Amino acid sequence: MRFPAPRLLAAAVAATAVLSCGQVPTAADGIAYISAIVLPSLNVVAGDTLRDSLGRVAPMQVLAYDANGSLVPGVAVTWFVSPIDTGVHITAAGVLTASDSIRTAHIVARMGDRLQTMAALLYVVPRPDQIVGTGTTDSLSGTPAKRALQVTVTGTRGSARAPAQGVVVRYHIVAVNGSATFDTTRVFLVDDTGSPLRSALTAAVDSTDASGIASRFLAVGDTTGVRTVEVRATARPLHGETIAGNPVSFVIPLKKGP
């Protein structure tokens, strides 16, 4: 792979800012603008190849469009890593392999002489092998009631545990009062702003942060007759690995009164 000159990397933000305004003249091959880098995953296991949600090796992509918004096929992409990282290798087809070192890689793609993307962040992480929930039996109180459902995903790094960033965690309400049949307009999952993340209010998704933590909130709008709510959080393996503790089960009793 090629590595960029400092001047090229410094120009990345400016070039993409111009692209976002739609004022870039048509380049060679009829290209008017390009997409951001499309990553098959937010992370790659240290010492492994970037994979999709099914664990299959998958390339990064950048899509090119003409002035009419139609795809321009077969355009060559040049890939760069910033800062220069000799442990990250990218083929001309966009297949990325990372060495056995935990870090964050900044990936930039270029088409032709003028069109360049903003940097995409890719986390090189230990292979996730454990998920732990916090306060899985803490009570829920208030009207409306709301409580955080926090999990931490880690991997083994030598003799120590290390956080696994960018791991997708899916939440799902499985039962109210021990029954899988319940009113989904009263019991639902939200993000930290109180907004649902799916059209199905009983499901939500988050990705782990730099500390390996993912979190969503259980909300009960009408607490009448609600005694317990069970929610499961499942971390997605990156390459078919077994994640101990998966899924985490939160069994939350509803606290009545002050």
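Residues numbered from 1 in each chain as written. Predicted model: local features only at pLDDT ≥ 70, side-chain atom pairs only at ≥ 80, totals over all residues. Heavy atoms only, no water.

### Notes on the sheet that holds strand β13 (residues 168-176)
Working step 1: Read from one edge to the other, the open sheet built from four strands follows the order β15-β13-β17-β18, with strand pairing classed as antiparallel. Because the sheet does not close on itself, it has two edges, and the strands there are β15 (203-207) and β18 (248-253). Taken pair by pair, the neighbouring strands of this sheet meet at an average axis angle of 25 degrees, ignoring direction. (Pairing = 2+ DSSP bridges. Helix = DSSP H or I, 4+ residues; strand = E, 2+ residues; numbered from the N terminus. Axes fitted to C-alpha atoms, helices over the stretch in contact; angles between N-to-C directions.)

### Examining the pairing of strand β7 (residues 103-111)
Working step 1: Both strand β4 (residues 78-82) and β7 contribute to a ladder of five bridges, which runs antiparallel. Paired with Trp79 across the strands is Ala109, a residue of β7.
Working step 2: Relative to strand β8 (residues 115-116), β7 runs antiparallel, the two being bridged by two bridges. Each residue of the ladder has a partner; that of Arg110, found in β8, is Gln116.
Working step 3: In this antiparallel pair of consecutive strands, β7 and β8, the connection spans three residues, and Gly112 shows a positive phi of 65 degrees.

### Re the packing of aromatic side chains
Working step 1: This structure, assessed with the given rule, holds one aromatic pair.
Working step 2: Pairing Tyr33 with Tyr65 gives two aromatic rings, centres 5.2 Å apart and planes at 15 degrees, and the pair type is stacked. Here Tyr33, found in strand β1 (residues 33-34), pairs with Tyr65, found in strand β3 (residues 64-65); they are 32 residues apart in sequence, far enough to count as distant.
Working step 3: What makes Tyr33 partly exposed here is its relative accessible area of 35%. (Phe/Tyr/Trp six-rings, centres within 6.5 Å; stacked < 30°, edge-to-face > 60°. Buried < 20%, exposed > 50% of the residue type's maximum accessible area, 1.4 Å probe, protein only.)

### Thoughts on the pattern of salt bridges
Working step 1: Tallied over the entire structure, the rule returns nine salt bridges.
Working step 2: For Asp52, the salt bridge is made with Arg56, and the minimal N-O distance between the two is 3.1 Å.
Working step 3: Judged by relative accessible area, which is 16%, Asp52 ranks as buried.
Working step 4: Note that Glu230 and Arg232 form a salt bridge whose closest N and O atoms lie 3.5 Å from each other. (Salt bridge = Lys/Arg side-chain N within 4 Å of Asp/Glu carboxyl O.)

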